[in-house]
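Structural features, examined
So the chains spell out like this:
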Amino acid sequence: MYTDTDRCVRAVQSKDARFDGWFFTAVRTTGIYCRPSCPAVPPKVENMRFLPSAAACQQAGFRACKRCRPDTSPGSPEWNARADAVARAMRLIQDGVVDREGVPGLAARLGYSARQVERQLNAELGAGPLALARAQRAQTARLLIETSELPMGDVAFASGFSSIRNFNETVREVFALTPGELRTRAGRRGAGRNAPRIPGTIALRLPYRAPLNPDNLFGHLVATAVPGVEEWRDGAYRRTLRLPHGSGIVALTPGPDHIGCRLALTDLRDLTIAISRCRWMLDLDADPEAVDEQLRTDPLLAPLVDKAPGRRVPRTVDAAEFAVRAVLGQQVSTAAARTHAARLVTAYGETVEDPQGGLTHLFPSPEALAGLDPEALSMPRSRRTTLTTLITALADGSLPLGIDSDWEAARARLNALPGFGPWTTEVIAMRALGDPDAFLPSDLGVRKAAGALGLPSTPAALTARAAGWRPWRAYAVQYLWATDDHPINRMPAEGAPS
C-alpha cells in the first residue's frame, strides 16, 4: 500500500480513515508523522513520505503528530490476512514475544535465524523487530500515562521498558513531550473522565475500522460462553485471561466508534499482550471494506452483506483452549458443549477473584488437563479418545497452535489426529488460528443458509461456488450463519444471563 504513492496521496487529501494503520505519512518539513485521516491541513505532496509502520517513522527520526495520534490507529489488516514469516512475526511482536524472549526467541518460533528475520522485517516494514517492539512499548506507555494514575516508574516497567531512563528518552523522542507533559495534556482534554474509576482496573478504547456489526461478534462469544470463564454483565462481555506473568479479567463493551475495554491484571507487565489478545479475539484489525466488497461480487451473497455490513470473525484469546472446546462441541448442542466445558473448568481450572462479577476460573491449560481421567467424561468413547489425544499433543508441544501458526502445517497436524474431520479442523483454523479463508461447507447452518439463498448446498458444489469469495470465506460463513434465528447472531439483551 505505502509504495502506491498516488493512492496514498488521495487517501491523505480526502482524510480517509479506512487507511489508518495501512500506512503512515511522514512530513519532511515538520518532522512529524500522521495517520491518513489527520484533521490538520494536508502537507504539500512533495513534502510527504509514506512509510509502512510507526516504527519505521520513528526510526527515520519523525515524531508522532499530537493531533491525530497515529500511534492509536488500528493495526494493519495485512498481518492478519497472511501466514508468511513477516505476518507471523508481526503477530508475535504485537503479542509481546520480543519483550519476553528477545529477537532470538522470535526467530526460534518462526524457524528462521535472527538475521533472516531482521532482514525480512526491514525489507517490508522499514524497521527490525527491536524497533517494532519499541514502538509498541511507546504506545502502551502512552496508554498508561493518559488513562491511569500509576506512578511513572510503574508505567515504565509495565510498558516493557528495562529502565526509567530509557522510558523517559523514548517518550520524549516519539511524542516530543515528557511523560509528565503527556499526562497533563490528557487531564486538560478530560481523557477518561466519563469512565468511572474502578480501583485496580485500566480503562481504554480499542479502535477499529468501520463498519463493525457487533451482533454476531458478541452474540457468538456470549451464546457459547463457558460458565465461570465468560459472562455477559452490564452490557459487556467479560472473561478471564491466562497471561505470561499472571491472570487477568477483561470487560469489552461495544461502542459506536470503538470497543470499550476495562482490564484488571495481576501483573501490569501483561498489559500489552492482554490488549493484543482482545483485539485479536474481536478481529478489530480487519478491513471490512475490502472483505465486503469482495463478497458483494456474488449476487446471492450481496443482499446479506448490504443488510448488515462489517461482520467480524469471533476468535479466541487462547488457541489451545478453543481447540479443546471445538472437540467438546462435536455433534452436540451449544448448551451441551458449555456443560462439558464447565465441568472441566470446575475440576481443573485455576480459581480467580472477580469482585466486579461472577467469573471464577481460568480455562484449564493443556498441562492441567493432561491428568484428565477419560472415564469421567460423559461422552462417547471415540470422542474421549479424540479429546485426550488432542490434549496430549498440546501439552507435549507436538501440536503448536497460536497466532504464529503456519495455517496449512497446523491443518495437517490436526487432520492427523483421530476424530478430526474437516469441520473441526476448519473451525479451529477460523477461530483459533485466524485464517480469514477458512471454510465450513459441511456445517449444517452453512448448508441450510446456502440452500435458502439458492446457493449450492452440497459441500463440493458450495466449495466450488465459494472460490469467488476467497480470500474471505471465513467472513462469508458469518454472513451465512446470520440468516438463522440463533442466539449467536444477536446482541445479548441487557441483563440477559450468560
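All values derive from a computational prediction rather than experimental measurement. (Residues numbered from 1 in each chain as written. Predicted model: local features only at pLDDT ≥ 70, side-chain atom pairs only at ≥ 80, totals over all residues. Heavy atoms only, no water.)

1. Remarks on the state of the cysteines
The tally for this structure, following the rule as stated, stands at zero disulfides. Residue cysteine 34 stays outside any disulfide, its sulfur separated by 3.9 Å from that of cysteine 65, the closest cysteine. Residue cysteine 278 stays outside any disulfide, its sulfur separated by 4.8 Å from that of cysteine 261, the closest cysteine. Exposure remark for cysteine 278: the relative accessible area of 0% places this residue in the buried category. (Disulfide = S-S within 2.5 Å. Buried < 20%, exposed > 50% of the residue type's maximum accessible area, 1.4 Å probe, protein only.)

2. Observations regarding unusual backbone geometry
Looking along the chain, the bond that leaves alanine 210 and enters proline 211 is cis, with omega of 0°. Cis geometry marks the peptide bond from arginine 470 to proline 471, where omega comes out at 10°. One non-glycine residue, alanine 176, lies in the positive phi region at around 55°. Positionally, alanine 176 belongs in the loop between α8 (164-175) and α9 (179-189). On the basis of relative accessible area, alanine 176 is assigned to the partly exposed category, the value being 32%. Despite not being glycine, aspartate 234 shows a phi value in the positive range, around 55°. (Helix = DSSP H or I, 4+ residues; strand = E, 2+ residues; numbered from the N terminus.)

3. Considering the UniProt feature "domain: HTH araC/xylS-type" (unreviewed entry) in the chain
UniProt annotation of "domain: HTH araC/xylS-type" (unreviewed entry) refers to residues 87-185 when read in the numbering used here. Helix and strand shares over residues 87-185 are 80% and 0% respectively, and the end C-alpha atoms of the span are 35 Å apart. (UniProt positions renumbered as here; feature names shortened; annotations may be inferred.)

4. A look at the sheet that holds strand β5 (residues 201-207)
Sheets are built from strands that pair by backbone hydrogen bonding, the pairs being arranged parallel or antiparallel. The strand order across the open sheet formed by five strands is β5-β9-β8-β7-β6, and the pairing between neighbours is antiparallel. Edge positions in the sheet fall to β5 and β6 (230-233), since each has one partner strand and no second. Sheet twist, expressed as the average angle between the axes of neighbouring strands with direction ignored, equals 25°. Pairing between strand β8 (residues 246-254) and strand β9 (residues 258-265): seven bridges, direction antiparallel. Directly across from isoleucine 249, in β9, lies its bridge partner alanine 264. Strand contacts of helix α11 (residues 271-281): β5, β7 (236-243), β8 and β9, with the helix running at about 130° to β7, the strand carrying the most contacts. (Pairing = 2+ DSSP bridges. Axes fitted to C-alpha atoms, helices over the stretch in contact; angles between N-to-C directions. Contact = heavy atoms within 4.5 Å.)

5. What to know about the sheet that holds strand β1 (residues 24-27)
Here we have four strands laid out as an open sheet, ordered β3-β1-β2-β4, and mixed in their pairing. The sheet terminates laterally at β3 (48-51) and β4 (63-64), the two strands that pair on one side only. Lying over the sheet, helix α1 (residues 5-13) contacts β1 and β3, oriented at roughly 110° with respect to β3.

6. Thoughts on helix α18 (residues 407-415)
Residues Trp407, Ala410, Arg411 and Leu414 constitute the buried set of α18. Here the buried residues of α18 occupy an arc of 105° about the axis, which is enough to place them on one side. Elements in contact with the buried residues of α18: α3 (85-94) and α19 (422-431). Sitting at the amino-terminal end of α18 is aspartate 406, which places a side-chain oxygen 3.2 Å from the backbone nitrogen of glutamate 408. (Arc of directions from axis to C-beta. Polar contact = N/O pair within 3.5 Å; in protein donor to acceptor, adjacent residues only side chain to side chain.)

7. Overview of helix α14 (residues 319-328)
An α-helical turn contains 3.6 residues, so any two residues separated by three or four positions project in the same direction. Across the ten residues that make up α14, a large majority, ten, are buried. Every buried residue belonging to α14 is among Ala319, Ala320, Glu321, Phe322, Ala323, Val324, Arg325, Ala326, Val327 and Leu328, and all of these are buried. Where the residues of α14 are buried, they touch β6, β7, α15 (334-348), α16 (366-369), α17 (381-396) and α19. The opening residue of α14, the one whose side-chain oxygen lies 3.0 Å from the backbone nitrogen of alanine 320, is aspartate 318.

8. Let's talk about the pairing of β9
Every other side chain in a regular strand lies on the same face of the sheet, so the side chains alternate between the two faces. Of all eight residues that make up β9, six are buried, and the element is covered over most of its length. Both β5 and β9 contribute to a ladder of seven bridges, which runs antiparallel. Within the sheet, the bridge partner assigned to alanine 203 lies in β9 and is arginine 262.

9. Section: the pattern of salt bridges
A complete count under the given rule lists 32 salt bridges for this structure. Across the salt bridge formed by arginine 277 and aspartate 95, the nearest N and O atoms sit 3.2 Å from each other. Highlighted residues: arginine 277 in helix α11 and aspartate 95 in the loop between α3 and α4 (97-110), separated in sequence by 182 residues. Salt-bridge contacts for glutamate 231 lead to arginine 238; the nearest nitrogen and oxygen are separated by 2.5 Å. Among the residues examined, glutamate 231 registers a relative accessible area of 7% and is labelled buried. Assessed through its relative accessible area of 7%, arginine 238 is described here as buried. It is possible to trace a salt-bridge network through shared partners that takes in Glu78, Arg82, Asp84 and Glu124. (Salt bridge = Lys/Arg side-chain N within 4 Å of Asp/Glu carboxyl O.)

10. Examining the nonpolar core
Note on soluble globular proteins: their nonpolar side chains tend to be buried together. Within the largest apolar cluster, 61 residues are counted, with the highest numbers of intra-cluster contacts made by Leu295, Val324, Leu390, Leu401, Ile428 and Trp469. Broken down by element, this core gets its largest block of residues, eight residues, from α14. Excluding its chain neighbours within four sequence positions, the residues that come into contact with leucine 401 are Ala319, Ala323, Leu394, Ala410, Ile428 and Leu433. With 52 residues, the next largest nonpolar core counts Ala56, Ala141, Tyr208 and Trp232 among its residues. (Core = buried A, V, L, I, M, F, W, Y, C linked by side-chain atoms within 4.5 Å.)

11. Notes on the side chain of arginine 312
Topologically, arginine 312 is positioned in the loop between α13 (302-307) and α14. Buried and unpaired, arginine 312 has aspartate 283 as its nearest opposite-charge partner, separated by 4.9 Å. Among the polar contacts made by the side chain of arginine 312, one reaches the main-chain carbonyl oxygen of aspartate 283 at a distance of 3.1 Å. Separated by 3.2 Å, the side chain of arginine 312 and the backbone oxygen of glycine 310 make a polar contact. (Lys, Arg positive; Asp, Glu negative; His and termini not counted.)

12. Topic: the packing of helix α12 (residues 288-295) against helix α22 (residues 473-481)
The interhelical angle for the contact between α12 and α22, taken along N-to-C directions, is 75°, at an axis separation of 10 Å. Considered as vectors, α12 and α22 are oriented roughly perpendicular to each other. Residues Val291, Asp292 and Leu295 of α12 form the contact with α22, whose participating residues are Tyr475, Ala476 and Tyr479. Class assignment for the residues of the contact of α12 with α22 results in five nonpolar, no polar and one charged. (Parallel < 35°, antiparallel > 145°, perpendicular 65-115°, else oblique. Nonpolar A, V, L, I, M, F, W, Y, C, P; charged D, E, K, R; others polar.)

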